[in-house]
Amino acid sequence: MHSEPFHIQAKHMLRYAGKRLLRSEIPLSHHHFQSALRQQYFQPINPFKKSLFRTTCNRCGNQKQSLLGTIPCKRCNREHKYCRKCIQMGRVLECEPLYEWIGPEPVRTKWMNPLAWEGTLTSLQEEASHQVIETVQGKQREILVWAVCGAGKTELLFSGIAQALQLGQRICIATPRADVVRELLPRFQKAFPHVSVEGLYGGSSEKSGHSQLILATTHQLLRFHQAFDCMVIDEVDAFPYHHDPMLPYVVSRAVKSTHALIYLTATPRQDLIKRVVSRELPVQFIPRRFHGYPLPVPQLTLSPTLAKTLKQKQTPNAFEKWLQTRNHPQRQLLIFVPTISLLHDLEAPIRALLLSLGVITQPNAFQTVHADDATREEKVLHFRRGDIQVLLTTTILERGVTFPSIDVFIIDAGHTVFDEAALIQIAGRAGRSKTDPDGEVIYLHTGKTRAMILAVRSIKKMNQKGGF
């Protein structure tokens, strides 16, 4: 006996509008889903687009045939293609359509006074904020906000987002890193206390993606299709966004045909710089931190025996000497290494060294964190609270996280993982507080690399442009 037919409700429009989903991602009973299909609320989409020479995944845009596999289908009793590129978001299989909502669109709230933040902006932030508002209003389609680390990029967005909410628009702030979403989410929830603000990332508790203001990793945008009026891409130069053509593809598909696009970064890549130089892309430049102090300039420390020392799983002598002569030993310390394997190699000897020098008094005051660490969110929170004094990390904390009073030390700064942008961003973790604006930054190396030279040159140039 059939149950009641599908009756559309506001919650359905909010949950499914602007989405391209697998059937498993639509929590409707079989009967209600078939009823919704008959009433043309959902439209099935072929999971793959096929041409004479290639097959394209219609969810992630993958065209690399090496990333298209085959798997036996029990239902069809035959082999079917599936996409390996986006499989972490659920398998796209040849015999299972994707579904788009084509029913009525939800009416988004036009908020009167959504912004509760009462802080003040610097004159440079104010100017950038005005340009963001004009972009939201449609006076220009896109803008690059090129602002040094610690310039206060998040705060200068607030008025523009408030303007979008007043217009009844839907906004997404997309960032390549889950850690950045976790960092920004409480700040936006506090700034817009009456607006539904949702954070989407791998492992997040909320997955519906129905909110008017969404913070998401760029991978989460695989589920969206023509959903957003305003898209903010935070840290547009960062891995993996910069290295993976899938992510710009899904961003372009997630926005509506008429949309505002705002890029934020302290280290734009050459493609954006070329567009700025050719006057194709408007830019707002902020060369000063919000607190008015210069960026800490990294110190390059040579260690000729570094490679041998690390191979022997020992702490570098130069690191020990620096610990003994730090200007402000009460600061927390963030130590970067290039690989997870090196992090594991150095964990025990660094802890022993810190204890022997009195940098920490309890073993748990030193911790490690990396991309595969199941407790990384908890550790970063404890470091921010001051419960952890020293944190050894890979590049997952190179950007998008703020700690009030830290020194930064990079072991093996000449490794290829530390390109110019990464070195600038890591240096930008220090000196972010008005009460402690001059944290130390050390690049320990076996020989200067081009990336190190360019990073230091860029930081000094920013300081000059900022009037220092």
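It should be noted that the structure appears before, not after, this text.
Presented here is a report on the structure given in the accompanying data block. What you see is a predicted model, and the numbers here were worked out from it, not measured in a lab.

1. A look at the sheet that holds strand S1 (residues 20-21)
Backbone-to-backbone hydrogen bonds pair the strands of a sheet. The strands run either parallel or antiparallel.
Inference 1: Ordered by their spatial adjacency, 3 strands build an open sheet running S1-S7-S2, and the pairing between neighbours is antiparallel. Looking at strand neighbours, the two that pair on one side only are S1 and strand S2 (42-45), the edges of this open sheet.
Inference 2: Pairing between S2 and strand S7 (residues 98-101): 4 bridges, direction antiparallel. Among the inter-strand pairings, Gln43 is bridged to a residue of S7, identified as Glu100.
Inference 3: Sheet strands touched by helix H2 (residues 30-38): S2 and S7. Its angle to S2, the strand with the most contacts, is close to 90 degrees.

2. A look at the packing of aromatic side chains
Inference 1: Evaluated as defined, the whole model comprises 15 aromatic pairs.
Inference 2: Ring centres 5.4 Å apart and planes at 65 degrees place the aromatic pair Trp117 and Phe158 in the edge-to-face group. Separated by 41 residues along the polypeptide, Trp117 in the loop between S7 and helix H3 (123-136) and Phe158 in helix H4 (residues 153-166) bring together distant segments of the chain.
Inference 3: Exposure remark for Trp117: the relative accessible area of 30% places this residue in the partly exposed category.

3. Notes on the environment of Val456
Inference 1: Among the secondary structure elements, Val456 is positioned in helix H13 (residues 450-465).
Inference 2: Looking at Val456, the relative accessible area reads 12%, which means it is buried.
Inference 3: In the structure, Val456 is positioned 160 residues away from Pro296 in sequence and 9.7 Å away in space, judged by C-alpha atoms.
Inference 4: Ignoring anything within four residues of it in the chain, the contact list for Val456 reads Val297, Pro298, Leu300 and Tyr443.

Conventions and cut-offs
- The written sequence of each chain sets the order in which its residues are numbered from 1.
- Where totals are concerned, whole chains, interfaces and linings use all residues; where local detail is concerned, this predicted model gives features only for residues with pLDDT of at least 70, and gives and counts side-chain atom pairs only at 80 or more.
- Side-chain numbers here rest on the full set of heavy atoms in the structure, without hydrogens or water.
- In short, DSSP must find at least two bridges between two strands for them to pair.
- Secondary structure is summarised from DSSP: a helix means a run of H or I of at least four residues, a strand means a run of E of at least two, and numbering begins at the N terminus for each.
- Two residues qualify as a contact provided that any one of their heavy atoms is within 4.5 Å of a heavy atom in the partner residue.
- Lines fitted to C-alpha atoms define the axes, with helix axes restricted to the stretch in contact, and inter-axis angles between N-to-C directions lie between 0 and 180 degrees.
- Only centres within 6.5 Å qualify two rings of Phe, Tyr or Trp (six-membered ring in Trp) as a pair; their planes then separate them into stacked at under 30 degrees, edge-to-face at over 60, and tilted for everything else.
- Summary of the burial criterion: residues with accessible area below 20% of their type's maximum are buried, those above 50% are exposed, and those between are partly exposed, where the area comes from a 1.4 Å probe applied to protein chains only.

Take it as geometry only, folks, not as evidence of what the structure does.
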